[in-house]
Amino acid sequence: MINAVSDPRPSPAAASAAEATPFAFITRGWREVRDSAGADLRLMRARASTFKNLATSIDRELENFLHSASSSFSVPVVQSPPPPELDFVKRLQPKLSAFRRAYSSPDFSQRVLQKWTPHPKIRIDLSAIKNAFVSEVEDNARLIDWERGFRAWDWKGEKEGDKEWEPIRKLKTQFKEFERKSSSSEIFRNFEKLKTSLKSMYKEPQESKDVLPLDVPELLAYWVKQSGPLLGLRQDICDKIVEALCSKQKDQLMWSSLSSGETSIPVNENINDELDFRIASVLRSTGHCYEGGIWSDSVKHDFTDEKRHVAIVTTASLPWMTGTAVNPLFRAAYLSKSAKQKVTLLVPWLCKSDQELVYPNNLTFSSPQEQEAYIRQWLEERVGFKANFKIAFYPGKFSKARRSIIPAGDTTQFISSKEADIAILEEPEHLNWYHHGKRWTDKFNHVVGVVHTNYLEYIKREKNGVLQAFLVKHINNWVTRANCHKVLRLSAATQDLPKSVICNVHGVNPKFLKVGEKVADEREQGQQVFSKGAYFLGKMVWAKGYKELIDLLAKHKKDLEGFKLDVYGNGEDSHEVQSTARKLELNLNFLKGRDHADDSLYSYKVFINPSVSDVLCTATAEALAMGKFVVCADHPSNDFFRAFPNCLTYKTSDEFVAKVQEAISSDPQPLTPEQRYNLSWEAATERFMEYSELDKFSNRTTEDLNSSVQNSSDKKKIVKSISWPSLNEVVDGGIAFTHYCLTGSEILRLSTGAIPGTRDYDKQHCKDLHLLPPMVQNPVYGW
């Protein structure tokens, strides 16, 4: 029986892998040849088996024939010679028997298979196949006609001296010929050049190296380095202590790995610099993208864009109709309109529970994107153009006691270092009361604070207000001095802060100016414009002028007999204000609060605002823009409005009565074009650019910026300034460090009126704003 030969076909997995290679058609062609040879071998086995069976049958028939012949021709009496046919069979029988024995031998099948089976050790040089394929692409005429080539090969078996199967030998010979031709091919050289260029573009990933955690000596050294001035230690003594603590761990510092991994990070032999790099490497190993400290200079001064980045950070947002929500929004729109800078407006995001307390008409938002759409639609309806600026959100919580929104966590982290160029802090003292994070002047190149609110006036009205006002006054001085390069006060009614100037940088909604133009046109045509008398509009809290208003009307009830005043507003003190007015039997008509741009308010002629707590009342500017009379107190908050003839100011209660009667009995004067322009946001933006010194930064050319970057990049080492810092810088740095330490204590925060848990944002903020948990986002090492 013929021995079975193992099937040479590859497994399905191997076949699929081979088909995925660039020379899959070669593999498929070779597999087809191998399968065909296997089929021929199986056919040969079948034919050999048939021949064996036939021989056995012939042998059996010969035996039967001889047996029958001997019995048929056996004659006992007469002896005759046998016929010639019998002699032939007798001579043939031993030969057939020998052939049968030889064929039946087990060695016969092995010899046949060795004769026709291909050589088991067939090696094909795949590199030669690749080279042959590449070299012959340029000339289709040279491609192999595989079908015709295989038909032309002779299947003559094994010749004398040949050790390989004839088709494979010819195939290898042809491949060698292709390899010889391709070695001088231009396409092959171009292919090698392309492969080399691709290899140069590919950057092998660096193997992650474990960074050892900070040990106790390193932590002590870093603490001494930061706290040395506060401990009263000289710089040279601090350096010696740091060097002594870090000498044993010097070999383990990671500055060398950082320098090898990032060529832009210089290596300094100073032990202080090595310690800084060590701290930075540990921070990076945690996955935290550290943007401050020793990297602040490179991030802070890297300007490669022609436009400057301006981040406007405010403490309120629409639909809360307050000055810190509306005015920063208009500022962002008109700064972006000039196309000289890229603008980002950063507003607080409140969780739904706080939204229900703050936003009017039960209006809430399920996502920041929904609130952003509301803000943009509201703005576009009023300015008449599509403002091109970005809106971002930071976590905030509403304080019922302070009736304001307090930032939660480090607000600076929500502006990336690439965009940390110019910061405009709307209410800088408010943003920094409990700010426990990076110093604004460390992250931004130029920081401008805009003071909106006279907090001292509000605090004095509370219990123990004098003492609280004294403390808050100094805190405001500290936080604004340490975090602002320039402070703009809207009026002299605000606290006199360091680095501050007085300038009104607010304008009015263009819609109010259009109403004023319409009123002037109708009056020229002789139409009756103002059909209603006087009104007051503002949030209904005592500090917004309601106390002054009730006192004046109660004192001069007889002098103003028949005078009726409509009051629009909602607020926490609504019930007390209305009940007090009813007890005093004042002629006040209380209505729900509404937007000053509402059509129902256009027909009023007189706007009365007795408030002395405002810094610069937006409602007063809007009333003047609509061509109305404004009766207001002779107060620093109204200094900007004195230039308008329709602004009637009073110093005493008797003058108040006189101004009200004058406004009721006469008509206001139409605004001149110059007066109308001074109230606009275009003029306010020009004043802001001038007094904040923002135009100096925006007008810097790209060449100047790039040259400064080039000069800084040419330095191979961190060069520390040998000049002593100024006294102001030392004081500002000490104040900032002290404030940072104090705001890091939850006990001190709560004792000064902070909302519990506002040092970091909570889980709901993480969910709404898609933030990492605070412990992951801001890991703390040392201070």
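Here, the structure is the one placed above.
Residues numbered from 1 in each chain as written. Predicted model: local features only at pLDDT ≥ 70, side-chain atom pairs only at ≥ 80, totals over all residues. Heavy atoms only, no water.

Novice: Hey, could you run me through the packing of aromatic side chains in this one?
Specialist: Two aromatic rings, taken as a pair, are described by how far apart their centres are and by the angle between their planes. Applying the stated criterion across every chain yields a total of 19 aromatic pairs. Between Trp433 and Tyr455 the ring centres are 4.9 Å apart and the planes differ by 70°, which places this aromatic pair in the edge-to-face class. In this pair, Trp433 sits in the loop between helix H17 (428-432) and helix H18 (440-443) while Tyr455 sits in helix H19 (residues 455-460), placing the two residues 22 residues apart along the sequence. The exposure classification of Trp433 matches that of Tyr455, with both residues buried. Between Tyr535 and Tyr604, the ring centres sit 4.7 Å apart and the planes meet at 40°, which makes this aromatic pair tilted. In this pair, Tyr535 sits in strand E9 (residues 532-537) while Tyr604 sits in strand E12 (residues 604-609), placing the two residues 69 residues apart along the sequence. (Phe/Tyr/Trp six-rings, centres within 6.5 Å; stacked < 30°, edge-to-face > 60°. Helix = DSSP H or I, 4+ residues; strand = E, 2+ residues; numbered from the N terminus. Buried < 20%, exposed > 50% of the residue type's maximum accessible area, 1.4 Å probe, protein only.)

Novice: In this structure, what is going on with unusual backbone geometry? I would like to understand it.
Specialist: Most peptide bonds take the trans form, and the phi angle of most residues other than glycine is negative. Between Leu318 and the following residue, Pro319, the backbone shows a cis peptide bond with an omega angle of 10°. With respect to the element layout, Pro319 can be found in the loop between strand E1 (308-313) and helix H14 (323-337). In this structure, Glu585 takes a positive phi of about 55° despite not being glycine. Residue placement: Glu585 occurs in the loop between helix H23 (574-583) and strand E11 (588-591).

Novice: Looking at this structure, how should I read the sheet that holds strand E10 (residues 565-568)?
Specialist: Strand pairing in a sheet relies on backbone hydrogen bonds. The paired strands run either parallel or antiparallel. Read from one edge to the other, the open sheet built from six strands follows the order E11-E10-E9-E12-E13-E14, with strand pairing classed as parallel. Strands with a single pairing partner mark the edges of an open sheet, and in this sheet they are E11 and strand E14 (647-650). Between one strand axis and the next, the sheet turns by 25° as a mean value, whatever way the strands run. The sheet contacts of helix H22 (residues 546-555) involve E9, E10, E11, E12 and E14, and relative to E10 the element is tilted by about 165°. (Pairing = 2+ DSSP bridges. Axes fitted to C-alpha atoms, helices over the stretch in contact; angles between N-to-C directions. Contact = heavy atoms within 4.5 Å.)

Novice: I'm lost on the pattern of salt bridges in this one. Help?
Specialist: Oppositely charged side chains are able to pair whenever their charged atoms sit close together. Summed over all chains, the structure comprises 20 salt bridges. In this structure, the salt-bridge partner of Arg376 is Glu372, at a minimum N-O distance of 3.1 Å. In this pair, Arg376 and Glu372 both sit in helix H16 (residues 368-383), four residues apart, roughly one turn of the helix. The exposure class assigned to Arg376 is partly exposed, which follows from its relative accessible area of 27%. A salt bridge links Arg676 to Glu517, with the shortest nitrogen-to-oxygen separation between them at 3.9 Å. One end of the pair, Arg676, is in helix H26 (residues 673-678); the other, Glu517, is in helix H21 (residues 510-524), with 159 residues separating them in the sequence. Relative accessible area serves as the criterion here: at 17%, Arg676 is assigned to the buried category. (Salt bridge = Lys/Arg side-chain N within 4 Å of Asp/Glu carboxyl O.)

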